Each structure stands twice: as structure tokens, then as C-alpha cells.
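# Residue-level structure breakdown
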Amino acid sequence: MAEEVVVKGWVYKRRKMGAKIFIDLRTVFPQEFTGQVLQVVVSKESLSDDEFNRLKKITQESALEIKGILKEEPRAPGGVELHVNKVLWVNEAESPYPLGKKAHSPDVLLRNRHLTIRSPRYQKILIIREKVTDFLREWFKQDGWYEVFPPILVFTAAEGGATLFKVDYFEEIGFLSQSAQLYLEALIFSLGKVFSLTPSFRAEKSRTPRHLTEFWHFEAEGAWYRYDDIMRAQESAVAYTIKKLLEDEKMRNWIKEFRGDISILENIKLPFPRIKYSETIDILQSKGFNISWGDDLGADEEKALSEEFEQPFFVTHYPTAIKAFYVKETPEDPKICYSADLMAPEGYGEITTGGEREENIDRLIERIKREGFDPELYYWYLDLRRYGSVPHSGFGLGIERFMRWLLKLYHIRDTVPFPRLARRKELV
Ligand code: ATP
Ligand code: MN
């Protein structure tokens, strides 16, 4: 291999070794090096004095366009290094770089998020994330679902008032969407089965490593889909996404870098285990948790339960009282409903909630009232039950929750470039 290439990128590190200078370049062109650094070898004999002196003192994050020969070098990241023989263009960065050599606190990194995202770690996360959404989309499209584009500014609460962000809407009150579900339910009467990927907003005051106030929500809704059908769609899409990621050697290596062991991902099998909510209560009680039937599973409970599993699993048949008003009750026992959460294993917990929706108008009105909401405000949602109501089911998956488990990240904020957290107004 002795190919002449033009390379464009930014100086990540520079060091001197004898008469040579080595530059680790964060390369974006050619794209194959993005996410890892390209080792650039600078030697006096290959360059003019002027060029050599410029590179000798080049500051961190300076932008470079250089030409050279790619040579195999097993010790270099990616197995190749560039022997530069021409400097085409330089834009020198001011020095010192705010995120220079030493390690920085999470606070400093968040204040400098616009710079933090340049590092190879974030380059990798952002690229993996793009693949995740590509493969999820791909599965749904191949399975015949239409991608649709619901609104973000809304006037009807989907998940409940406590976590709604209010928006000043020409002297009236609007909200930022918490979920596209109600709109997707309307759209199935047009297109049958639909999905969307939109931002959702939750004014979650809880400061946990799994909550953002803005997250990306992959939601789907299918007409004539039943409880089991929607679980099958979810597990197939998740298993497909993981399979496709691991088939790509670069993704596979990067995922390995982040999470260490990938055997759990490799061994995923369909169908995912399904376990009833009532059984989870028994398991948790036997582990010493003070929990009884009817209580919601908190973060600690989910974690303990999810540590028991080696692959994603569904918790099914929740108590109706702890789920949203639109969830359908089981005919045998109205205290139990057709809602299921998909849980990630290894202690990570909930990544989706889904289930069958109530299609009977009287029962739905009753549930809306029980929630303390005004059925008048839901007039359009109730119309869906008035005009040609059908059984239907859907779910919502948080992309960031999925990423957090996939890469075994401690904090969900690392799955997005510009995280929105409850603790403060972000500066970036
Ligand atoms: P949790 O109980 O874990 O806070 P939830 O049950 O309130 O979540 P749902 O209304 O079921 O959330 O939303 C569907 C999916 O959206 C969740 O399973 C999760 O993957 C994701 N999600 C919900 N809230 C958040 C959040 N604040 N930050 C990131 N992802 C979220
Ligand atoms: Mn949920």
C-alpha cells in the first residue's frame, strides 16, 4: 500500500520523537478515519523548511489539509499512518485549547460541550447513534410501516400535567410534546401502521442518570395490532438493530470498546422473555424489597430485576392504576392492563413502554375523568373511537435509553451531543 491521499482534519495531539513529529489527526475526510485518530508522520526531508516549521509548532485543534502517502503501520490506530509530503492549508487554533491536556470535571465538560463533542469518544457515540436510528427505521420500513411527522407543539397532554413544559403560544398556553402517541393513533386511521422519531420533552425534576428533559422518541402505532403483535414488533426491531450493528466490523469494535463484553448482544434470541408484573413482585420480595402488588417499579427495583436477565425482556400485565389512561384493561380483570415495558438487562431497566389501547369510547371517557382530565379537551382523540374504532397497539422507545444500555454508559447525557438536564439551564 502506497497511496497518495489528501487528508482534512484537526490536530488532536502532537509529539516529537527524535527528528520526527507525530500528529494524531482527527480526520473527517476521508471519512473512514472519523472516530479514530490518523497518525501523521512529519519528517524534515519530506517537507520544505517552512512547512516543517509550521507543523513542528502546530497547536491543538488547528485545522489542516495535507497530502501524503498512506503506509501500513500495525502500531498506529487503524493500522495505517500518513507520511505527509505537502501542507495544503492550515488554520492555526488559539492556544491554549480550553480542553487541553489534563482531565476535566463533568461541569467543565458540559460548559464546553461544543468542544467536548469533537473528541473521538463522542465522534464514535454520534456515529453509532446514527446507525441505531437508521436500523430501527430500516426494520419498520421493511415491515411496511410508514414514517410520519407529528407535531411538537401540542395542546393536549399525552402523559400527564406534572411533566409538561408550557409554551407561551400567542397569549395562550401550548405545550412541548411528551409523546407523539395520540397523533400516531389518529394517523393509523389514515395509513394503518405508522412510526415517528421526534423529540419528546419531560419536565422531569428527578435528577437521575437515565432522565433527560429532551429526548428522542421512536414511537409506532398499528391498527389491528394486539398486545402480542406490538411486543413482537418491538423485539424484532431491537434484535435487528443489534444484529446489523454487530455485522459492521467498525461498529462492533467500537461497541466492544465502550461496553467491554459484547456476548450479551451476540446471544440475543427471539422471542424475548416475558414476565408478568405479579411475578416481578414475587421476585423482588424474595430479594428483600419492600414492595407489594400495585406499586410501581422504581429505579432500584428495575435495576435489581434487570440484573437477573441476560437479554432484554418484557414485563407484562401491569396494574391499570399505575399506567396511562389510554391503556386497555384486560377483560378478565380490569385491575390489570395490556401494558408492557421492554427492559434492558445488566441492570439498565426500561427502554420502552407499549401496549394495547382502549378502543371503547365509554370506558375511555371514564378513564380520562378518573385521571382528573377534562374529556372536552380530548374531543379529537375521542372521535377516533366514534368513527370506525379498531383494536390497536403501539409503543415508545427512548433512543438515549437504548444507547445507554448498548454502550453501558453511566449517564444518559453522553448519548446526546447537547444534553438537556433538569438541574440547570445549559449554557451550550
Ligand atoms: P421512566 O418511568 O423510566 O421515567 P416513563 O415510563 O415515564 O419512563 P414513558 O412515558 O413510558 O416513560 O416513555 C417511553 C419511553 O421513552 C421510555 O421507556 C424511555 O425509553 C423513554 N423516556 C421517557 N422519559 C424519558 C426521559 N426523561 N429521558 C430519556 N428517555 C425517556
Ligand atoms: Mn414507561
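Residues numbered from 1 in each chain as written. Chains lettered and ligands numbered in written order. Predicted model: local features only at pLDDT ≥ 70, side-chain atom pairs only at ≥ 80, totals over all residues. Heavy atoms only, no water.

### Some thoughts on the packing of aromatic side chains
Counted only if it meets this: Ring pairs shown here join Phe, Tyr and Trp side chains whose ring centres sit within 6.5 Å, with only the six-membered ring taken for Trp; geometry is labelled stacked below 30 degrees between planes, edge-to-face above 60, and tilted in between. Comment: the charge-over-ring label is applied if NZ (Lys) or CZ (Arg) is within 6 Å of the ring centre and within 35 degrees of the ring normal.
Per the counting criterion, the structure on display carries 22 aromatic pairs. Through pairs of rings, three or more aromatic residues link up here, namely Trp139, Phe140, Trp145, Phe195, Phe218, Tyr225 and Phe395. If you follow lysine 323 out to its NZ or CZ, it ends over the ring of tyrosine 318, 4.1 Å from the centre. Between arginine 385 and the ring centre of tyrosine 381, over which it is positioned, the NZ or CZ distance is 4.3 Å.

### Observations concerning helix α5 (residues 181-191)
The line we're drawing: With a 1.4 Å probe rolled over the protein chains alone, any residue whose accessible area is under 20% of its type maximum counts as buried; one over 50% counts as exposed, and the rest are partly exposed. Numbering of helices and strands runs from the N terminus; a helix is a DSSP stretch of H or I covering at least four residues, while a strand is a stretch of E covering at least two.
When we look at burial in α5, the residues that qualify are Gln181, Leu182, Tyr183, Leu184, Glu185 and Ile188. At the C-terminal side of α5, glycine 192 shows a positive phi close to 85 degrees.

### Things to note about the nonpolar core
Defined as follows: We define a nonpolar core as any set of buried Ala, Val, Leu, Ile, Met, Phe, Trp, Tyr and Cys residues linked to one another through side-chain atoms lying within 4.5 Å. Contact criterion: two residues are considered in contact whenever any of their non-hydrogen atoms come within 4.5 Å of each other.
Ile128 and Leu406 are the most contacted members of the largest nonpolar core, which totals 51 residues. Here the element with the most residues in this core is helix α6 (residues 227-247); it accounts for 11 residues. Once residues lying within four places of it in the same chain are set aside, the contact partners of isoleucine 128 are Leu245, Met251, Trp254, Ile255, Phe258, Met403, Leu406 and Leu407. By size, the runner-up hydrophobic cluster in this structure holds 32 residues, among which are Ile281, Leu284, Phe309 and Val327.

### Considerations on the sheet that holds strand β8 (residues 166-169)
For the record, the criterion: When DSSP finds two or more bridges between two strands, those strands count as paired.
Strand order in the open sheet formed by three strands is β7-β9-β8, with antiparallel pairing between adjacent strands. Each end of this open sheet is capped by a strand with a single partner; those strands are β7 (153-154) and β8. Bridge analysis of β7 against strand β9 (residues 172-176) gives two bridges, and the strand direction is antiparallel. Among the inter-strand pairings, valine 154 is bridged to a residue of β9, identified as phenylalanine 175.

### A few points about the side chain of serine 306
Selection criterion: For the purposes of these results, a polar contact is taken to be a pair of N or O atoms within 3.5 Å, where, inside protein, one atom must be able to donate a hydrogen and its partner to accept one; residues adjacent in sequence count only when each atom of the pair is a side-chain atom.
Note on placement: serine 306 falls in helix α10 (residues 299-306). Residue classification places serine 306 among the buried residues on the basis of a relative accessible area of 0%. Engagement of the side chain of serine 306 in a polar contact is seen with the backbone nitrogen of glycine 349, the distance being 3.5 Å. Ignoring anything within four residues of it in the chain, the contact list for serine 306 reads Phe313, Ala344, Pro345, Glu346, Gly347, Tyr348 and Gly349.

### Some words on helix α7 (residues 249-259)
Formally: The arc in question is the one spanned by the directions pointing from the helix axis to the C-beta atoms.
Taken together, the buried positions of α7 are Met251, Trp254, Ile255, Phe258 and Arg259. When α7 is viewed along its axis, its buried side chains cluster within an angular range of 115 degrees and face the same direction. Exposed and facing more than 90 degrees away from the buried side of α7 are Glu249 and Glu257. Sitting at the head of α7, aspartate 248 places a side-chain oxygen 3.0 Å from the backbone nitrogen of lysine 250. Just beyond α7, the residue with positive phi is glycine 260, at close to 80 degrees.

### Some thoughts on the sheet that holds strand β4 (residues 63-72)
Going by this rule: What counts as an axis is a line fitted to C-alpha atoms, over the stretch in contact for a helix, and the angles between N-to-C directions run from 0 to 180 degrees.
Sheet architecture is closed into a barrel: five strands sit in the order β1-β2-β3-β5-β4, paired in mixed fashion. For this sheet, the mean angle separating the axes of adjacent strands, direction not counted, is 55 degrees. Here β4 pairs with strand β5 (residues 80-91) via 10 bridges, running antiparallel. Pairing of alanine 63 across the sheet is with asparagine 91, part of β5. Packed on one face of the sheet, helix α1 (residues 49-56) meets β1 (3-17), β2 (20-29), β3 (37-42), β4 and β5 and runs near 100 degrees to β5.

### As for the coordination of the manganese ion (ligand 2)
Selection rule: We call an atom a donor if it is N, O or S and sits within 2.8 Å of the metal, or 3.2 Å for Na, K and Ca. Water is not counted, so some sites may look partial.
Coordination sphere of the manganese ion (ligand 2), protein contribution only: Glu350 (OE) and Thr353 (OG1), at 2.2 Å. Its relative accessible area of 29% is what places threonine 353 among the partly exposed residues.

### Considerations on the site of ligand 1
Put simply, the rule is: Here a residue is near a molecule or strand as soon as one of its heavy atoms is found within 4 Å of it. Reported accessibility uses the Shrake-Rupley method at a 1.4 Å probe radius. Residues are deemed covered only where the shown protein chains occlude them. When residue character is reported, Ala, Val, Leu, Ile, Met, Phe, Trp, Tyr, Cys and Pro are called nonpolar, Asp, Glu, Lys and Arg charged, and the others, Gly included, polar.
In the vicinity of ligand 1 there are 16 residues, among which His211, Leu212, Glu350, Ile351 and Thr353 approach most closely. A distance of 3.2 Å separates a nitrogen atom of ligand 1 from a polar atom in the side chain of glutamate 204. In the model, an oxygen atom of ligand 1 is placed 3.1 Å from a nitrogen or oxygen of the glycine 398 main chain. Starting from 580 Å² of accessible surface for ligand 1 in isolation, the protein chains cover 85%. Of all elements in the fold, only β11 (214-223), β15 (349-356) and β16 (392-398) reach the threshold of two or more residues within the shell around ligand 1. In terms of residues, the shell around ligand 1 owes the most to one element, β15, which gives four residues. Of the residues that constitute the shell around ligand 1, the class distribution is four nonpolar, six polar and six charged.

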